[in-house]
Amino acid sequence: MKRILPLLALPLLLCGCGLRPVYGGGGHGVVAQTLGNVEVEPIEGKGGWLVRNALNDRLSAMRGGDGPHYKLVVKLDDNISGFGLRADAAVTRERRTLRARYQLVDQATGAQILDDTAGSDSGIDVTSSEYATIAAEDTALERLSQTVADQIVTRLALFSRKAAKP
């Protein structure tokens, strides 16, 4: 009984602290309506294709209404740098870094509403097999593109939630 009492009090404590879900109101909430009206502009390169598809996957779940009101412009910086040298100066480890600078633009006025960055990095083991190393680099890019897309959508959701507060 002593263990159950704190669990029963937890919802009351959370309500008292002002904690509210970001996606409150479901598909009719402010955040879902804003994110559902974002059109992602094409992004250059393979990483751009992956990030754009990941963004469209996340935003299309909230699509509805009267079409895009905002456009999202993303510029990527994809970098692979080697480190971890052996005695013969061969690279044994690489770091792949994917950084995105993105702007949310109001299509009606052309005004830039949000300008921010997102990014992540991943370590890659360099093996004696060139094919395995290239496959690891591609897998890292796929994971990084998902992470960057998640960061962008989360930031857009928080921004739209904050902008909607009176």
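Rules used in this analysis
- Residues numbered from 1 in each chain as written.
- Predicted model: local features only at pLDDT ≥ 70, side-chain atom pairs only at ≥ 80, totals over all residues.
- Heavy atoms only, no water.
- Helix = DSSP H or I, 4+ residues; strand = E, 2+ residues; numbered from the N terminus.
- Buried < 20%, exposed > 50% of the residue type's maximum accessible area, 1.4 Å probe, protein only.
- Areas by Shrake-Rupley, 256 points an atom, 1.4 Å probe, with all protein chains shown as cover.
- Expected span 1.5 Å × (residues − 1).
- Salt bridge = Lys/Arg side-chain N within 4 Å of Asp/Glu carboxyl O.
- Pairing = 2+ DSSP bridges.
- Axes fitted to C-alpha atoms, helices over the stretch in contact; angles between N-to-C directions.
- Core = buried A, V, L, I, M, F, W, Y, C linked by side-chain atoms within 4.5 Å.
- Contact = heavy atoms within 4.5 Å.

Of regular secondary structure, the chain possesses four helices and four strands. Along the chain, helices (α) and strands (β) appear in the sequence α-α-β-α-β-β-β-α when read from the amino end. For the chain, the residues scored as buried account for 28% of the 166 residues in total. When the accessible surface of the chain is totalled, it reaches about 10400 Å², and 56% of it is carbon and sulfur.

Our next topic: helix H3 (residues 45-60). Residue pairs spaced three or four apart in an α-helix point in one direction, given the helix's 3.6 residues per turn. Taking 1.5 Å per residue as the helical rise, H3 with its 16 residues ought to reach 22 Å, and the 22 Å between its terminal C-alpha atoms agrees with that figure. If you check which residues of H3 are buried, you get Gly47, Gly48, Leu50, Val51, Ala54, Leu55, Asn56 and Leu59.

A few words on the pattern of salt bridges. Pairs can form between side chains of opposite charge whenever their charged atoms are close. Under the criterion given, the structure shown has seven salt bridges. Put simply, aspartate 138 and lysine 46 hold a salt bridge, and the shortest N to O gap is 3.4 Å. In this pair, aspartate 138 is assigned in helix H4 (residues 130-164) and lysine 46 in helix H3, connecting sequence segments 92 residues apart. Owing to a relative accessible area of 27%, aspartate 138 belongs among the partly exposed residues under this scheme. Taking relative accessible area as the criterion, lysine 46 reaches 47% and is therefore assigned partly exposed.

When strand S2 (residues 70-85) meets strand S3 (residues 91-106), the two strands line up antiparallel, connected through 15 bridges. Considered in S3, the bridge of serine 81 is made with arginine 95. Between S2 and the antiparallel strand that follows it, S3, lie five residues; alanine 89 among them carries a positive phi value of about 70 degrees. Here S3 pairs with strand S4 (residues 112-125) via 13 bridges, running antiparallel. In the sheet register, glutamate 94 faces S4, and the bridge partner there is isoleucine 124.

Spatially, S1-S2-S3-S4 is the arrangement adopted by the four strands of the open sheet, whose pairing is mixed. Because the sheet does not close on itself, it has two edges, and the strands there are strand S1 (38-40) and S4. Each strand axis lies, on average, 25 degrees off the axis of its neighbour in the sheet, ignoring direction.

Now for the environment of alanine 32. Within the secondary structure, alanine 32 sits in helix H2 (residues 30-35). In this structure the C-alpha to C-alpha distance between alanine 32 and serine 160, which are 128 residues apart in sequence, comes to 9.0 Å.

Judged by nonpolar contacts, the single largest core of 26 residues is most densely connected at Leu35, Leu55, Leu72, Val74, Tyr102, Ile152 and Leu156. If you list the elements that add at least two residues to this core, you get H2, S1, H3, S2, S3, S4 and H4. Ignoring anything within four residues of it in the chain, the contact list for valine 74 reads Ile43, Leu55, Ala100, Arg101 and Tyr102.

Relative to the assigned elements, leucine 156 resides in helix H4. When the C-alpha atoms of leucine 156 and valine 31 are compared, they prove to be 8.5 Å apart, with 125 residues separating the residues in sequence. Excluding its chain neighbours within four sequence positions, the residues that come into contact with leucine 156 are Leu35, Leu72, Leu104 and Leu114.

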